[in-house]
Structures are given as C-alpha cells and as structure tokens.
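Here's the letter readout for the chains.
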Amino acid sequence: MPISKRLVTAALLSALATSTACTSREYVTRTVLREIRASDPDFKKLRVYPNVTFVAVYERTLGQDTGVSGAQGTVEAGFRGKRIEVAVKRKLPGAVLELDAIDGQPALWVTFDERCAEVECAYGFVRSSDGLFRLFKLPDLTGYTEPKVFRRRISKRKRMEKSKIYSKSDATSAFFTTRGHAASVGLEIKKREDVDIEVIAAPKEGVRPGR
C-alpha cells in the first residue's frame, strides 16, 4: 500500500479511536448561567437538578377528640391529622421559571412539576457568597403548616433549618442541616463534553540495506 494511502487510513482509525463524549454534573453558578444565556436567553431548554435528594413535609390538623370511657373513667384523647411528604430526588429535572434578585443576590425559581408554571409553586434557590445557588424557599400548601425540609431522608439528623453560614449578615438565609457537618441543597446541571482529537500516525519503514 502506498505511503499516502496508509497515512489516510491511519488518520481515520485514529480519529475514530479518539472521539469520545462524557456527561458530568457541575454546580450552577453565575458564570455557568452567563454561558448558557448565550444560546438559551430565557432558560427554556435548560434543566437543573438538586445535588442531593430532599424531602418537604406538610402537616395539617384535622381535629382532636377527648372522651371518658372504661370502668375507671379513663380520659382518652385522640388526634387526627394529615401529612404530605414531597420527595425531590437527585435525578429529577427541573425547569427555571424566573431569575430575579433577593436581598441583592440572584435567585432562581425552579419547578420540578410540569403542572407548576408560577413562582408561587416553585422552589427558590439563592446565590450564597461562595457562588453556589442553595435552597432557601419551599412552596406553601394551602391549609397546611409551613413545610419542614429534610436532606436525603426524614430523620432528626437530616432536618434542615435556615442559616446564614455562607451569606452576608443582610442576605437571605438558606437551608442547612443542623447536626454534624452543615450541608445544604444546591443546584447542578448536566454537561456533556465531546472530545475529538485527530491523531495522524505517520508510518516509518526504516532504511533498507544497499540504499
């Protein structure tokens, strides 16, 4: 085979071998949003994901009954209530409804439900001083108490409360776990990187004797 043809064949094989695609997740930051806006100004195509599963818990009191029964006149108290648990899983894609400012910091309003298209039913993520967008607001549910939020699962150790660990004194506080290491709920995007490197390996045959 002539050298020129072998060069072309080697180039094609090398190009196929070095064309790869990798999908990873990275935190949403102001820089990331600025890059996305160049091709998606209103974030219509963008999908964001929580960096960890979190659970919102809504409770409602339905009534309390008190009565006396039994031979010894025992007082019996009964409580009736309703509890709704909304789990937002790490793999659940969300759409950005609006980008505005809260206490001078950018805030993203995200919906994880196709039936929600308004800020009132969306989750709020505010930018902290370290540049990450953290959960600071859960949607209210009519007739229910202010929601409690848990990181990963419902347990005392995973209960989250408002804190200003990464915020300025006059900024909006975000949700953090209160026991052990303080952890929050952030926002991430999926990013696909295509790597296409063309490597041309020129064959060498050496110098034959007698030349």
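Whatever comes next refers back to the structure up there.
Residues numbered from 1 in each chain as written. Predicted model: local features only at pLDDT ≥ 70, side-chain atom pairs only at ≥ 80, totals over all residues. Heavy atoms only, no water.

## A short note on the overall build of the protein chain
Then, in step 1: Within the protein chain one finds two helices and 12 strands.
Then, in step 2: Secondary structure elements of the protein chain occur, N-terminal to C-terminal, as α-β-α-β-β-β-β-β-β-β-β-β-β-β.
Then, in step 3: Burial status across the protein chain gives 33% buried among its 211 residues.
Then, in step 4: Entry remark: accessible area of the protein chain is about 13,900 Å², with carbon and sulfur atoms responsible for 51%. (Helix = DSSP H or I, 4+ residues; strand = E, 2+ residues; numbered from the N terminus. Buried < 20%, exposed > 50% of the residue type's maximum accessible area, 1.4 Å probe, protein only. Areas by Shrake-Rupley, 256 points an atom, 1.4 Å probe, with all protein chains shown as cover.)

## A closer look at the sheet that holds strand β8 (residues 133-137)
Then, in step 1: The antiparallel open sheet is built from four strands, whose spatial order is β5-β6-β7-β8. The sheet terminates laterally at β5 (95-102) and β8, the two strands that pair on one side only. Averaged over all pairs of adjacent strands, the angle between strand axes in this sheet comes to 35°, irrespective of strand direction.
Then, in step 2: Strand direction decides the pairing type here: β5 and strand β6 (residues 105-111), joined by seven bridges, are antiparallel. Bridge pairing links Glu-98 to Trp-109 in β6. (Pairing = 2+ DSSP bridges. Axes fitted to C-alpha atoms, helices over the stretch in contact; angles between N-to-C directions.)

## Considering the state of the cysteines
Then, in step 1: Applying the stated criterion across every chain, the model contains one disulfide.
Then, in step 2: Put simply, Cys-116 and Cys-121 are joined by a disulfide, and their sulfur atoms are 2.0 Å apart. Between Cys-116 and Cys-121, the S-S torsion sits near 100°, and that sign places the bridge as right-handed.
Then, in step 3: The class of Cys-116 is buried, set by a relative accessible area of 7%. (Disulfide = S-S within 2.5 Å.)

## Some points on helix α2 (residues 30-37)
Then, in step 1: Turning to α2, its buried residues are Val-32, Leu-33 and Ile-36. One face of α2 carries all of its buried residues, which in axial projection span an arc of 100°. Counted as exposed and oriented over 90 degrees from the buried face of α2: Arg-34 and Glu-35. (Arc of directions from axis to C-beta.)

## A closer look at the side chain of Glu-188
Then, in step 1: Tracing the backbone shows Glu-188 in strand β12 (residues 187-196).
Then, in step 2: Among the residues examined, Glu-188 registers a relative accessible area of 8% and is labelled buried.
Then, in step 3: Side chain to side chain, Glu-188 and Arg-25 meet in a polar contact 2.8 Å long.
Then, in step 4: Filtering out sequence-adjacent residues up to four positions away, Glu-188 remains in contact with Arg-25, Glu-26, Tyr-27, Val-28, Arg-47, Val-48, Tyr-49, Pro-50, Asn-51 and Arg-90. (Polar contact = N/O pair within 3.5 Å; in protein donor to acceptor, adjacent residues only side chain to side chain. Contact = heavy atoms within 4.5 Å.)

## Let's talk about the nonpolar core
Then, in step 1: Ranked by size, the top nonpolar core spans 28 residues in total, and within it Phe-125 and Leu-135 carry the most contacts.
Then, in step 2: Elements supplying a minimum of two residues to this core: α2, β3 (54-69), β6, β7 (123-127), β8 and β12.
Then, in step 3: Those residues within four positions of Phe-125 in sequence are excluded, and the remaining contacts are Pro-106, Ala-107, Leu-108, Val-110, Phe-112, Phe-133, Arg-134, Leu-135, Phe-136, Val-185, Gly-186 and Leu-187.
Then, in step 4: With seven residues, the next largest nonpolar core counts Ala-122, Val-126, Ala-174 and Phe-176 among its residues. (Core = buried A, V, L, I, M, F, W, Y, C linked by side-chain atoms within 4.5 Å.)

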